[in-house]
Amino acid sequence: MSAVIDWEQLDMIADGFTQDFVEIYDEFVAEIPGLLAMVRENVSAGDPLQTSRTAHQLKGSAANFGFIGVSGPMASLEMEAKAGSLEKAGEHIAAAEAGFAAAVGEAKERRGV
């Protein structure tokens, strides 16, 4: 496992990185920036409930693909937002954005996707 990808998880769902999986993976990679932007918007609006919901969605999607560099920070943000705090939201979002960029690069380098 790397610091940003749980390779065991990604390889398990990839099933040999078939063309069908690569299409699903590409959709996932295309969706994440929009979800991160939505989390940022929720935080900017001062909406802990919506922040928690969007962070939860993002956490789950990222965890399914083994993107722990995204799911970890989003799990923290989700918990804090559920408690009504957005104080560290910017840090969590920045960590998730960096984790996402690093994971995409690492997946491309290691698996060509």
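Cut-offs and rules
- Residues numbered from 1 in each chain as written.
- Predicted model: local features only at pLDDT ≥ 70, side-chain atom pairs only at ≥ 80, totals over all residues.
- Heavy atoms only, no water.
- Salt bridge = Lys/Arg side-chain N within 4 Å of Asp/Glu carboxyl O.
- Helix = DSSP H or I, 4+ residues; strand = E, 2+ residues; numbered from the N terminus.
- Buried < 20%, exposed > 50% of the residue type's maximum accessible area, 1.4 Å probe, protein only.
- Axes fitted to C-alpha atoms, helices over the stretch in contact; angles between N-to-C directions.
- Parallel < 35°, antiparallel > 145°, perpendicular 65-115°, else oblique.
- Left-handed = near helix turned anticlockwise from the far one by under 90°.
- Contact = heavy atoms within 4.5 Å.
- Nonpolar A, V, L, I, M, F, W, Y, C, P; charged D, E, K, R; others polar.
- Polar contact = N/O pair within 3.5 Å; in protein donor to acceptor, adjacent residues only side chain to side chain.

Evaluated as defined, the whole model comprises five salt bridges. Between E78 and K82 there is a salt bridge, with its nearest N and O atoms 3.4 Å apart. Linking E78 with K82, this pair stays in helix 4 (residues 68-82), spanning four residues, or about one helical turn. Judged by its relative accessible area of 61%, K82 falls in the exposed class. E106 is the partner of R110 in a salt bridge, and the nearest nitrogen-oxygen pair spans 3.9 Å. Here R110 pairs with E106, and both are found in helix 5 (residues 89-111), just four residues apart, close to one helical turn. Under the relative-accessibility criterion, E106 is labelled buried at 17%. Salt bridges sharing common partners tie together K59, E78 and K82.

The next point concerns the packing of helix 2 (residues 19-44) against helix 3 (residues 48-64). Across the interface, helix 2 lies against helix 3 with an axial gap of 9 Å and an inter-helix angle of 160°. Accordingly, the angle class assigned to the pair helix 2 and helix 3 is roughly antiparallel. In terms of crossing hand, the pair formed by helix 2 and helix 3 is left-handed. Along its contact with helix 2, which presents F28, E31, I32, L35, L36, M38, V39, N42 and V43, the element helix 3 presents Q50, T51, T54, A55, Q57, L58, S61 and A62. For the contact of helix 2 with helix 3, a count of residues per class yields ten nonpolar, six polar and one charged.

Further remarks concern the environment of D11. With respect to the helices, strands and loops of the structure, D11 is situated in helix 1 (residues 7-14). On a C-alpha basis, the gap between D11 and G34 in space is 25 Å, while along the polypeptide they are 23 residues apart. Of note is the side chain of D11, whose polar atom sits 2.7 Å from the side chain of R111.

Let's shift gears to unusual backbone geometry. Even without being glycine, D15 reaches a positive phi, approximately 50°. For D15, a relative accessible area of 62% translates into the label exposed. With phi around 55°, F17 is a residue other than glycine that occupies positive phi space. Counting through the fold element by element, F17 comes out in the loop between helix 1 and helix 2. On the accessibility criterion, F17 (19% relative accessible area) is buried.

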